Amino acid sequence: MWRVGHGKSIKAWEDKWIPSSGPMVFRNEVAWELNITQVLDLLEENGGRWKRNMVELLCWPPTATTILSIPLPMQPREDCFFWLETINGCYSVKTGYYFIRKKQMEENASTSSTPSLSHAQWTKLWKAEVVPRCRETVWRACLGLLPVKDVLHCRGVVQDPCCPCCPGVPETIHHALFFCPIAKLVLFGSPLAIRVDVECSVQQFLSHFLAAANLEVAGILFTLFYALWQVHNELVYNGREAIVAQVLQRAVALPPSLVLQQDAPPAGRNLQSSWRKPVAGLFKVNFDASMKDSHDAGLGFIARNSHGEVLAAATMVTGPVQNPVLAEALAFRWALGLAAELGLQRVWFESDFLALVQAWERHDSGFSHLYTVVRDCRLLLSNFDAFEFSFVRRTGNCAADALARLAFHFGCIVWIEEDPLEVSSIIQDDVIASMASS
Ligand SMILES: [Zn+2]
């Protein structure tokens, strides 16, 4: 598919440039009226930004979100093609094979009398009484877009396709939401007392379920699925196992909007790796991204000197972002720009996201959306006299991580020579840890 650069080469209606396998819905009369033919027509004059209002006017909300999540280069550059199934966008035979296999499976599923959701059912899905991110999770699950390990494995992102709870069992979307032991317990223990015995897809299940359910019941189901998805992420990314009673309490007893505020930042589990001060004359910038919401990302930035004193801290919220790697890359681009604006010339950047550090270190020029941003980052290097970029464990990146989470609360703010109260104790701990390790 196309990677958007200046957008001149891409025909808005014929070419494949929107990264979604789901239905794309446009308002044709708007497109006609505004005379939109190329992707260029959807970009701001100087590049670097989508014409957000126009995109939102033109498309159904999920389609608009997908388009707005496509990262744009800071300066217009050539449009190019990339392969959607690898991180760097370069074709590989292995991923080609998986792609064909996946397509075949989808075709088999659709010919074996899979009732795809009817128009009325999609409408119900979008109207269910529930906070938007729960609905989004279900919508993604329906379209096979939920990044479970089997899906990530097929894209070459992770080595192991198996469920973290069930050795040897590939973690497909329907496994994670229906058949994993915890999913079974949660669904059956819920007020809906659902038991899914037959192997079926999310779409099949929902088309039966939504045919009978009212909007409120649909809302409860979606909240359960969302809670299960949170449990899954807690386990995969933070190693925290869930207790069924707690999941149910979170999903059902509380109003849906409160469920989300329950995710406390993870406590520093091991202190194997801690923050270290830079040598004199060098500044250390830690940054991080947090994707608490299903599409916007919060970004955090903190720059400190060789005494561990804070020069600047900042938070910012992006528009829609496709996935965590891209969120982290956007955080890097933003951190580089901010460090340059602050006049820091000798800087050591740190991220706790290994995939980004690896993409950076490989020095290859990929073609995927990730590399739109990575290439911008390389261009920004000319601002610095000395530059280093390295990986640190999450425990060494707590301040940036906390700021990224706080971004949803603060919005876009820069603190100069001070820091928000909420991270003061982390900063002190970092200094102490740094003294202990040196
Ligand atoms: Zn499982």
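Cut-offs used in this document
Residues numbered from 1 in each chain as written. Predicted model: local features only at pLDDT ≥ 70, side-chain atom pairs only at ≥ 80, totals over all residues. Heavy atoms only, no water. Helix = DSSP H or I, 4+ residues; strand = E, 2+ residues; numbered from the N terminus. Buried < 20%, exposed > 50% of the residue type's maximum accessible area, 1.4 Å probe, protein only. Contact = heavy atoms within 4.5 Å. Areas by Shrake-Rupley, 256 points an atom, 1.4 Å probe, with all protein chains shown as cover. Donors = N, O, S within 2.8 Å, 3.2 Å for Na, K, Ca; no water. Tetrahedral: all angles 85-135°; square planar, octahedral: opposite > 155°, others 65-115°. Pairing = 2+ DSSP bridges. Axes fitted to C-alpha atoms, helices over the stretch in contact; angles between N-to-C directions. Parallel < 35°, antiparallel > 145°, perpendicular 65-115°, else oblique. Phe/Tyr/Trp six-rings, centres within 6.5 Å; stacked < 30°, edge-to-face > 60°. Lys NZ or Arg CZ within 6 Å of the ring centre and 35° of its normal. Patch = residues over 30% accessible without salt bridge, like charges linked within 9 Å, V, L, I, M, F, W, Y side chains within 5 Å. Salt bridge = Lys/Arg side-chain N within 4 Å of Asp/Glu carboxyl O. Expected span 1.5 Å × (residues − 1). Bend = angle between axes of the 7 residues up to and from the residue.

## Details of the overall build of the protein
Right, so step 1: In terms of regular secondary structure, the protein is built from 18 helices and 8 strands.
Right, so step 2: Scored against the burial criterion, the 438 residues of the protein give a buried share of 50%.
Right, so step 3: Contacts in the protein between residues at least 24 apart in sequence constitute 69% of all its contacts with a sequence separation of at least 6.
Right, so step 4: In the form shown here, the protein has an accessible surface area of approximately 21100 Å², with 55% of it arising from carbon and sulfur atoms.

## Structural notes on the coordination of the zinc ion
Right, so step 1: Coordination of the zinc ion by the protein comes from C163 (SG), C166 (SG), H175 (NE2) and C180 (SG), over a distance range of 2.1 to 2.3 Å.
Right, so step 2: One way to put it: the 4 donor atoms around the zinc ion meet at angles of 105 to 115°, and that makes the site tetrahedral.
Right, so step 3: Expressed as a motif, the donor residue spacing for the zinc ion is C-x2-C-x8-H-x4-C.
Right, so step 4: Judged by its relative accessible area of 5%, C163 is buried.

## Observations concerning the environment of R49
Right, so step 1: Along the polypeptide, R49 turns up in the loop between α1 (28–34) and α2 (52–58).
Right, so step 2: With a relative accessible area of 59%, R49 lands in the exposed category.
Right, so step 3: Remark: the alpha-carbon pair of R49 and M74, spanning 25 residues in sequence, is separated by 8.3 Å.
Right, so step 4: Each residue touching R49, except ones within four places of it in the same chain, is listed here: L43, E44 and L72.

## What about the side chain of S306?
Right, so step 1: With respect to the secondary-structure elements, S306 resides in the loop between β4 (296–304) and β5 (310–320).
Right, so step 2: If we ignore the near neighbours within four places in the chain, the residues touching S306 are K277, P278, V279, A280 and L282.

## Considering the pairing of strand β6 (residues 346–351)
Right, so step 1: The buried count for β6 comes to 5 of 6 residues, which makes it a mostly enclosed element.
Right, so step 2: Relative to β6, strand β3 (residues 283–290) runs parallel, the two sharing 4 bridges. Considered in β6, the bridge of K284 is made with W348.
Right, so step 3: Strand direction decides the pairing type here: β6 and strand β7 (residues 386–391), joined by 6 bridges, are parallel. Its bridge partner lying in β7, W348 is registered against E388.

## Considerations on the packing of helix α6 (residues 132–142) against helix α10 (residues 202–212)
Right, so step 1: Viewed as axis vectors pointing N to C, α6 and α10 meet at an angle of 125°, and their least axial separation amounts to 8 Å. One element, α6, and the other, α10, form an angle in the oblique class. Contacts between α6 and α10 pair V138, A141 and C142 from the former with V202, Q203 and L206 from the latter.

## Section: the packing of aromatic side chains
Right, so step 1: With the rule as written, the count across this model stands at 21 aromatic pairs.
Right, so step 2: Measuring from ring centre to ring centre gives 5.3 Å for W83 and F99, while their planes differ by 70°; the resulting arrangement is edge-to-face. With a gap of 16 residues between them, W83 in the loop between β2 (80–81) and α4 (93–111) and F99 in helix α4 connect regions that are remote in the sequence.
Right, so step 3: When the ring of F349 is compared with that of F387, the centres are 5.6 Å apart and the planes differ by 40°; the resulting orientation is tilted. Residue F349 is found in strand β6, and its partner F387 is found in strand β7; the two are separated by 38 residues along the sequence.
Right, so step 4: Judged by its relative accessible area of 0%, F349 falls in the buried class.
Right, so step 5: Put simply, the rings of F287, F332, F349, W360, F384, F387 and F389 touch in pairs and so form one group of aromatic residues.
Right, so step 6: The aromatic ring of W360 is capped on one face by R378, whose charged end is 4.1 Å from the ring centroid.

## Regarding a nonpolar patch on the surface
Right, so step 1: A contiguous nonpolar surface patch, about 240 Å² in accessible area, is contributed by L342, V414 and I416.
Right, so step 2: Note that V414 resides in strand β8 (residues 413–416).
Right, so step 3: Using a relative accessible area of 46% as the deciding quantity, one classes V414 as partly exposed.

## Some thoughts on helix α17 (residues 398–410)
Right, so step 1: Taking 1.5 Å of rise per residue, 13 residues should cover 18 Å, and α17 covers 17 Å from first to last C-alpha, within 8% of that figure.
Right, so step 2: Largest kink in α17: about 30°, centred on A404.
Right, so step 3: Within α17, the full set of buried residues consists of A399, A400, D401, A402, L403, A404, L406 and A407.
Right, so step 4: Note on α17: the residue one or two positions beyond its end, G411, has a positive phi of about 75°.

## Details of the pattern of salt bridges
When charged atoms on two side chains of opposite charge get close, those side chains can pair.
Right, so step 1: By the definition in use, this model includes 9 salt bridges.
Right, so step 2: Of the charged contacts in the structure, one is a salt bridge between R405 and D401, with a shortest N-O distance of 3.4 Å. Here D401 and R405 lie together in helix α17, a separation of 4 residues that amounts to about one turn.
Right, so step 3: Three or more residues are tied together by salt bridges with common partners; here these are R77, R333 and D376.

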